[in-house]
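Each chain is listed here by its residues.
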Amino acid sequence: MAAAFGHGGGLAFPAAPAVAGATSPTGPRERRRGRGRKSRAVTVAGVRPSSPHGRFGAVSVGGAGVMAVETLSPDWEFDRVDDGSQKIHAEVQLKNYGKFLEEYTSQLRRIEDALDDSIGDVWDFNLDPIALKLLPYEQSSLLELIKTENKVLNKVITVYAALCCEIKKLKYEAETKFYNGLLFYGEGATNASMVEGDCQIQMGRFISFLQELSCFVTRCYEVVMNVVHQLAALYISNKIAPKIIETTGVHFQTMYEHLGELLTVLLTLDEIIDNHITLKDHWTMYKRLLKSVHHNPSKFGIQEEKLKPFEKFLLKLEGQLLDGMIFQACIEQQFDSLNGGVSVSKNSTFAEEFAHSIRSIFANVEAKLGEPSEIDQRDKYVGICGLFVLHFQIFRTIDKKFYKSLLDICKKVPAITLTANIIWFPDSFLIQKIPAAAKLLDRKSLQAIKIHRDTFLQQKAQSLTKDVQSYYVFVSSWMMKMESILSKEQRMDKFAEDLTNRCNVFIQAIEHMFYRRSMVVADSVSHITQHLQHQALHSISVAKKRVISDKKYSEQRLDVLSALVLAENTLNGPSTKQRRLIVSLALSVGTQMKTFKDEELFPLQVVMKKLDLISELRERVQTQCDCCFLYWHRAVFPIYLDDVYENAVDAARLHYMFSALRDCVPAMMHARHLESYEILLDCYDKEIMEILNEHLLDKLCKEIEKDLRLSVHTHLKLDDRNPFKVGMKDLALFFSLNPIRFFNRFIDIRAYVTHYLDKTFYNLTTVALHDWATYSEMRNLATQRYGLVMTEAHLPSQTLEQGLDVLEIMRNIHIFVSRYLYNLNNQIFIERTSNNKHLNTINIRHIANSIRTHGTGIMNTTVNFTYQFLKKKFYIFSQFMYDEHIKSRLIKDIRFFREIKDQNDHKYPFDRAEKFNRGIRKLGITPEGQSYLDQFRQLISQIGNAMGYVRMIRSGGLHCSSNAIRFVPDLEDIVNFEELVKEEGLAEETLKAARHLDSVLSDHTRNSAEGTEYFKMLVDVFAPEFRRPKNIHLRNFYIIVPPLTLNFVEHSISCKEKLNKKNKIGAAFTDDGFAMGVAYILKLLDQYREFDSLHWFQSVREKYLKEIRAVAKQQNVQSASQDEKLLQTMNLTQKRLDVYLQEFELLYFSLSSARIFFRADKTAAEENQEKKEKEEETKTSNGDLSDSAVSADPVVK
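Cut-offs applied
- Chains are numbered independently. Their residues run from 1 in the order of the written sequence.
- Residues qualify for local features only when their pLDDT is at least 70, as the model is predicted, and side-chain atom pairs are given and counted only at 80 or more; totals for whole chains, interfaces and linings, by contrast, use all residues.
- Only hydrogens and water are set aside when side-chain values are computed; all heavy atoms of the structure are taken into account.
- Each helix is a run of H or I in the DSSP string that is no shorter than four residues. Each strand is a run of E no shorter than two, and both are numbered from the N terminus.
- Three labels apply to residues, based on accessible area from a 1.4 Å probe with only protein chains included: buried if under 20% of the type maximum, exposed if over 50%, partly exposed otherwise in between.
- Surface accessibility follows the Shrake-Rupley procedure with a 1.4 Å probe radius. Residue values consider only the protein chains on display as shielding.
- To estimate the expected span of a helix, count its residues, drop one, and scale the result by 1.5 Å.
- We call two strands paired when DSSP finds no fewer than two bridges between them.
- A pocket, in this scheme, is an open set of points on a 1 Å grid over the protein atoms alone with protein on both sides within 12 Å along at least 5 of 7 lines, while a cavity is a set where a 1.4 Å probe fits but cannot get out; residues line either one if an atom lies within 4 Å of a point.
- Grid points are joined across faces, edges and corners, and a volume is the space filled by probe spheres set on the points.
- Polar here means any residue outside two lists: the nonpolar Ala, Val, Leu, Ile, Met, Phe, Trp, Tyr, Cys and Pro, and the charged Asp, Glu, Lys and Arg; Gly therefore counts as polar.
- Disulfides are defined in this document as cysteine sulfur pairs within 2.5 Å.
- Axis definition: a line fit to C-alpha positions, over the contact stretch in the case of helices; interaxial angles, taken between N-to-C directions, run 0 to 180 degrees.
- Oblique is the label for any angle not covered by the other classes, which are roughly parallel (under 35 degrees), roughly antiparallel (over 145) and roughly perpendicular (65 to 115).
- Crossings are sorted by hand: turned counterclockwise from the far helix by less than a right angle, the near helix makes the crossing left-handed, and turned clockwise it makes it right-handed.
- We call two residues in contact whenever any of their non-hydrogen atoms come within 4.5 Å of each other.
- Any pair of nitrogen or oxygen atoms within 3.5 Å is treated as a polar contact; in protein, a donor-acceptor pairing is required on top of that, and neighbouring residues in sequence qualify only through side-chain atoms on both sides.
- pLDDT expresses how confident the predictor is about each individual residue, on a scale running from 0 to 100.
- Definition used for salt bridges: Asp or Glu carboxyl oxygen within 4 Å of a side-chain nitrogen of Lys or Arg.
- Geometry of aromatic contacts follows a simple scheme: Phe, Tyr and Trp rings, the Trp one being its six-membered ring, pair when their centres are within 6.5 Å, and the pair is stacked under 30 degrees between planes, edge-to-face over 60, tilted otherwise.
- Should the NZ of a Lys or the CZ of an Arg lie within 6 Å of a ring centre and within 35 degrees of the ring normal, that charge is described as sitting over the ring.
- The patches described consist of residues with a relative accessible area above 30% and no salt bridge, like charges being joined within 9 Å and nonpolar side chains (Val, Leu, Ile, Met, Phe, Trp, Tyr) within 5 Å.
- We call a set of buried residues a nonpolar core when its members are Ala, Val, Leu, Ile, Met, Phe, Trp, Tyr or Cys and they connect through side-chain atoms within 4.5 Å of each other.

1. Side note on the overall build of the protein
Right, on to step 1. A tally of helices and strands in the protein yields 47 helices and ten strands.
Right, on to step 2. Scored against the burial criterion, the 1197 residues of the protein give a buried share of 42%.
Right, on to step 3. For the protein, the accessible surface area stands at approximately 66,400 Å², while carbon and sulfur atoms represent 54% of it.

2. So, helix H23 (residues 598–615)
Right, on to step 1. In this model, H23 (18 residues) spans 26 Å end to end at C-alpha, consistent with the 26 Å of a helix rising 1.5 Å per residue.
Right, on to step 2. Along H23, the residues classified as buried are Glu600, Leu604, Val607, Met608, Leu611, Leu613, Ile614 and Ser615.

3. Considerations on the pairing of strand E9 (residues 828–831)
The side chains of a regular strand alternate between the sheet's two faces.
Right, on to step 1. Burial along E9 is two-sided: the face carrying Ile828 and Ile830 and the face carrying Phe829 and Glu831 are both buried.
Right, on to step 2. Alignment of strand E8 (residues 820–823) against E9, held across four bridges, turns out to be antiparallel. In the sheet register, Leu821 faces E9, and the bridge partner there is Ile830.
Right, on to step 3. Linkage of E8 to E9, two consecutive antiparallel strands, is achieved through a turn of four residues, within which Gln827 is found at a positive phi near 50 degrees.
Right, on to step 4. Of the pairings in the sheet, the one linking E9 to strand E10 (residues 841–843) comprises three bridges and is antiparallel in character. By the bridge assignment for E10, Ile830 is matched with Thr841.

4. Quick word on empty space enclosed by the protein
Right, on to step 1. The full count for this structure, using the stated rule, is five cavities of 30 Å³ or more.
Right, on to step 2. What the largest cavity holds in volume is close to 130 Å³.
Right, on to step 3. Listing elements by their share of the lining of the largest cavity, those giving two or more residues are helix H20 (518–549), H23 and helix H24 (617–624).
Right, on to step 4. The element contributing the most residues to the lining of the largest cavity is H20, with four residues.
Right, on to step 5. Residues belonging to the lining of the largest cavity are distributed by class as follows: nine nonpolar, two polar and one charged.

5. Some words on the state of the cysteines
Right, on to step 1. Evaluated as defined, the whole model comprises zero disulfides.
Right, on to step 2. Unpaired in this structure, Cys164 has its nearest cysteine sulfur neighbour in Cys165, at a distance of 7.0 Å.
Right, on to step 3. Here Cys164 falls in the buried class, since its relative accessible area comes to 0%.
Right, on to step 4. In this model Cys627 remains outside any disulfide bridge; the closest cysteine sulfur is found in Cys625, 7.1 Å from its own.

6. What to know about the packing of helix H25 (residues 636–646) against helix H26 (residues 653–662)
When two helices pack together, their arrangement is captured by the angle between the axes and the distance separating the axes.
Right, on to step 1. It is at 11 Å that the axes of H25 and H26 come closest, and there the two elements cross at 170 degrees. Classified by the interaxial angle, the pair formed by H25 and H26 is roughly antiparallel. In this structure, H25 meets H26 at a crossing whose hand is left-handed. When H25 is examined against H26, the residues Phe637, Tyr640, Leu641, Asp643 and Val644 are found in contact with a partner set consisting of Arg653, Leu654, Met657, Phe658 and Leu661.

7. Regarding the environment of Tyr640
Right, on to step 1. By secondary structure assignment, the location of Tyr640 is in helix H25.
Right, on to step 2. What makes Tyr640 buried here is its relative accessible area of 16%.
Right, on to step 3. Along the backbone, Tyr640 and Leu654 are 14 residues apart, and their C-alpha atoms lie at a distance of 9.4 Å.
Right, on to step 4. Within the local environment of Tyr640, its side chain forms a polar contact with the backbone oxygen of Arg653, the two atoms lying 3.3 Å apart.

8. Considerations on the confidence of the model for the protein
Right, on to step 1. On average, the protein scores 82 in pLDDT, and the residues at 70 or more come to 85%.
Right, on to step 2. Counting contacts from residues 1–78, a segment whose pLDDT is below 50, to residues more than four positions away or on other chains yields 84 contacts.
Right, on to step 3. Throughout residues 117–121 the model reports pLDDT below 50, and contacts reaching past four residues in sequence, or to other chains, amount to eight contacts.

9. Focus: the pattern of salt bridges
Right, on to step 1. Taken as a whole and judged by the stated rule, the model has 42 salt bridges.
Right, on to step 2. A salt bridge links Arg359 to Asp399; its shortest N-O distance comes to 3.3 Å. Here Arg359 is found in helix H12 (residues 348–368), whereas its partner Asp399 is found in the loop between helix H13 (377–395) and helix H14 (400–412), with 40 residues between them in sequence.
Right, on to step 3. According to the relative accessible area criterion, Asp399 is partly exposed, its value standing at 29%.
Right, on to step 4. With its nearest N and O atoms 3.6 Å apart, the salt bridge here joins Arg937 to Asp934. Of this pair, Arg937 and Asp934 both sit in helix H38 (residues 932–965), three residues apart, which is roughly one turn of the helix. As far as burial versus exposure is concerned, Arg937 and Asp934 are alike and both buried.
Right, on to step 5. Overlapping salt bridges bring together Arg580, Asp612, Glu616 and Arg620 as one network.

10. Digging into the sheet that holds E8
Right, on to step 1. Across the sheet, which stays open at both edges, the three strands sit in the order E8-E9-E10 with antiparallel pairing between neighbours. Strand pairing shows two members of the sheet lacking a second neighbour, E8 and E10, which therefore form its edges. Put simply, the sheet's adjacent strands are angled 20 degrees from each other on average, direction ignored.

11. Digging into the side chain of Asn150
Right, on to step 1. Examined against the element boundaries, Asn150 turns out to sit in the loop between helix H4 (142–145) and helix H5 (151–183).
Right, on to step 2. Of note is the side chain of Asn150, whose polar atom sits 2.6 Å from the side chain of Asp559.

12. As for the packing of aromatic side chains
Right, on to step 1. Evaluated as defined, the whole model comprises 58 aromatic pairs.
Right, on to step 2. An angle of 50 degrees between the planes, with centres 5.6 Å apart, marks the rings of Phe350 and Phe354 as tilted. Here Phe350 and its partner Phe354 are both found in helix H12, four residues apart, which amounts to about one turn of the helix. One exposure class covers both Phe350 and Phe354, and it is buried.
Right, on to step 3. In textbook terms, an aromatic cluster arises when at least three aromatic residues are bridged by ring pairs, as seen for Tyr867, Phe874, Phe877, Phe880, Phe936, Phe1015, Phe1022, Phe1026, Phe1037, Tyr1080, Phe1157 and Phe1158.
Right, on to step 4. Seen from the ring of Tyr882, Lys887 lies directly overhead, with NZ or CZ sitting 4.4 Å from the centre.

13. Focus on a nonpolar patch on the surface
Right, on to step 1. Together, Tyr97, Phe100, Tyr104, Leu108 and Ile111 make up a nonpolar patch on the protein surface, roughly 440 Å² of accessible area in all.
Right, on to step 2. Its location among the elements puts Phe100 in helix H3 (residues 85–121).

14. With respect to helix H31 (residues 772–786)
Right, on to step 1. Taking 1.5 Å of rise per residue, 15 residues should cover 21 Å, and H31 covers 21 Å from first to last C-alpha, within 8% of that figure.
Right, on to step 2. Residues Thr774, Tyr775, Ser776, Met778, Arg779, Leu781, Ala782 and Tyr786 constitute the buried set of H31.
Right, on to step 3. Of the surrounding secondary structure, the elements contacted by the buried residues of H31 are helix H28 (677–712) and helix H30 (749–767).

15. A look at unusual backbone geometry
Right, on to step 1. Notably, Arg396 is not glycine yet its phi reads approximately 60 degrees, a positive angle.
Right, on to step 2. Residue Arg396 is classed as exposed on the basis of its relative accessible area, which comes to 53%.
Right, on to step 3. A positive phi angle, close to 60 degrees, is found at His906, a residue other than glycine.
Right, on to step 4. Here His906 shows up in the loop between helix H36 (884–900) and helix H37 (910–922).

16. Thoughts on the packing of H25 against H28
Right, on to step 1. Put simply, H25 and H28 touch, their axes get as near as 9 Å, and they point 20 degrees apart. Classified by the angle between their axes, H25 and H28 sit roughly parallel to one another. When the axes of H25 and H28 are compared, the crossing they make is right-handed. Contacts from Phe637, Pro638, Leu641, Asp642 and Tyr645 in H25 reach Ile688, Ile691, Leu692, His695, Leu696, Lys699, Leu700 and Glu703 in H28.
Right, on to step 2. Per-class residue counts for the contact of H25 with H28 are nine nonpolar, one polar and three charged.

17. Here we look at the nonpolar core
Right, on to step 1. Membership of the largest hydrophobic core comes to 202 residues, with the highest contact counts inside it found for Phe252, Leu654 and Ile749.
Right, on to step 2. With residues up to four places along the chain from it excluded, the contact list for Phe252 reads Val156, Ile157, Tyr160, Leu234, Tyr235, Glu353, Leu585, Ser588 and Val589.
Right, on to step 3. Ranked by size, the runner-up nonpolar core spans 89 residues in total, among them Phe880, Phe1026, Ile1040 and Ala1154.

Next comes the structure, spelled out in structure tokens:
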């Protein structure tokens, strides 16, 4: 918030604009009067023009703020009646305003503090679309910058500066356009995808590029020639000829460095083409193609007269570029002007100066080569070799000692990478280009260089791991140091030293570090630059004073003074490349005649070097951290990914690797052999992604899936998963990575693995529906263990955890009721036996899903099928009850019970039921060991299962309806959509849709509210038939229930005991179908009272309790005699009795529960009576309604 600080310690604000006429001393009084009132409110904080506060108001918040009453005109002063209210009002407003400002200021400060660390300082390399590029820039030309009184010096400096700039431009063009264009030739098309003729087409597209390269090389030749001429013109050996400037002690070392850079460019082009086998092969094939075109031009639609010039042009290109003679042709130029111009080869002064400059540059380079603090010395060394060869080519003299020194460097640096994967051997170059000098050396020393190269390689291979570790520690510690320096207040000198020392580490992490701290670095660099410029200016000003104080006049002294003034003026400005170049050239002239003392000159050179480094910091970091060379070493990428996968701890390194791979993209954009460079980029993108998928993502997916499977199936004891024995990888680290940016996509490892697992689990669930629970568990485990947010497999309800479908059960209900067991309390069916490792279950949710799939109409059909099934079963039931053996026994039992009931407290004797069971068993048993009573029990269980299924159908229907109706806000008050549509007068289609919606809603409401009474229907349909006189034999059923229950309990106990055995055939823990069947048949026969009259379960309870007490008594007696075997037997007896009693109790509870469904509290007669009463009520209510309908007004529903 822009605000000027007032003198009272608070904030002062510009005055409010005064309303026209309010403070005007002239003009009609009426006008002043008419506007005076208005002005009171407006000019509270106003000030007169003469006010010492100028344009600011007199209100200072927090200070002694008073109202500026002076603004009011004298006339208004006179008219006003001052009651003091205005002052009070103004003070209140002023206080409120001050309070608001204080709150607002503190609020802004809080916001600033909150955003400070997160937004202000750190930038994300992957996400930020804007980068801060720190590059000093100005629009001044060289001519504008080089201005002194000394015109000759101006010209010299201008010419040399212009040539240096030209060389820099040529070097940049070569590095970006021509190197990459040549290097990437033939890339992007695999041998498999290449068809015949593709090579020629690629070369055809490339010819224009080669033409451009030819022009570029020619231009380089001209610049080299010009540089040599310009230097030769300055250093004249002819004593008589006039000198341009005095050159004694003047060494334009910068010029030679730049010339070396240009020679390096030509040398590199030679090496690239020499190493490019594909380019040469394609060139040969293209020439062959031209030959065949030559024989039959009309076939190719080419005019014959155009072919000859084209062939000549190709020959010229081949001779100039492809024969490896680019550098050689440059140094073999005719440097001596034929028409009596500049003499070069005979110029001994120039030869000495040339040799001196090469030695000076070499002296600077040699010390740093192969050292940890090396920056760009290798590139300069290549330039020195080029200059040395050029010197030899022009002057034909050789310094053996220096030649040997150059070769000795090969022991420190056996090979130099010029660009990408192009390696250059200095010894081969020097021997090849100066064979005369090579002859002077003995063979042993030449052989020693080659041997040393091999040993160097072996040493590097052995120490690679160690070196990488030390680099890793070095870079990590440097990054931590940078973070700590940058996050605190910077100490400029220390920071400058740190940056300049560390710029030479080639790792992406460093570039990221600089990027993340762009803001702080930018801020610091400008301060450091100013500081260094100040130091340089101070040194120059001292030297300048020394020159001025010396009164001896000479042209040389004048040149020195002009050069120092030029350096001083140029330093006073942004630290651009041009300015630094001019300073360097000016100081080459300005340091002669001992202008600087030795102890002053070296610090100045150091300062200038630091200034170069810090001004080009961003550029240098970018160049040194450029990993474009990785394209040529892509074979490392899969190995790297395998390593990252094995050592998941370092997963975060992937960001750096992909950042390095991205560096290849700008270079690839210069490819010219394809229709578009996009094709090459697509190939590269595809290749990298395939490698990533194969070596990391797919392995990761498989490993995670395997881990989840083994964890879920631990009970199977598949293999040893003890982490202490087999080791353990923490793959979860991969999922904490931020998405990796690559080309126009983000690679999200977490999302990729999640998608894979989702897809796999979904597909496998659809194939094997019974495994849904396992995959659900695996999903949960993936979330817990790896933090993956899995998607629920919302499969259609017909397939997901469906068990058997309702239609399937309906069609095979006879099989279903025999193979499944019913549980009354949980309303669930469980498979009796299965060939699989698990048992299928069917519950309400499955039924509801089926109903939702097939529609509610299926419910009635299912009940109809059940009715058909019950008909058949009841026929068998009737036959069994009619059987003479059974009927006679039952009649005998009824007679017996009637006789003894008074003596036996109206309880059916337990012994009688047991006797009945034994009697039936004597009649015969099936091959499976089942008696007739067992089969009858099974029949009743099946009938009960059918009834349980009907009950489940009804519950499933209610469940489905309530699920569907849950979106209706209020079931009591459902809007009639049809009426609403009619009111709005909408289209006919909308009306139909509304009508349809109303009917659907009413159906769902009815279904969810009532549900059909299927049990009542099935009782009503069979009961009349059961109760007919002709089925009198069925009336004996109630007396067979006690022996049946006894049979059921024995069967149930044997089934439960099998659960604990290894062979689980016949094992079961529930069979409530029996209780359901007994309750249903008793209801059909209206025999609840008859059965209750037996008091059977009371009789059973008394019998077992009596036996338990007897055993307990015996135990007490036997415990005294301490007969262990007998005690064990008694314990077992007691356990068995407890189990039997418990089982009878359970059956009693199940039967009581089942009876509730069939309204066991009422007899058939009572139900009939209730039915008649309801019918009468309905009739009377209908009559009342018809009467009221006649009398009342029509009611709109």
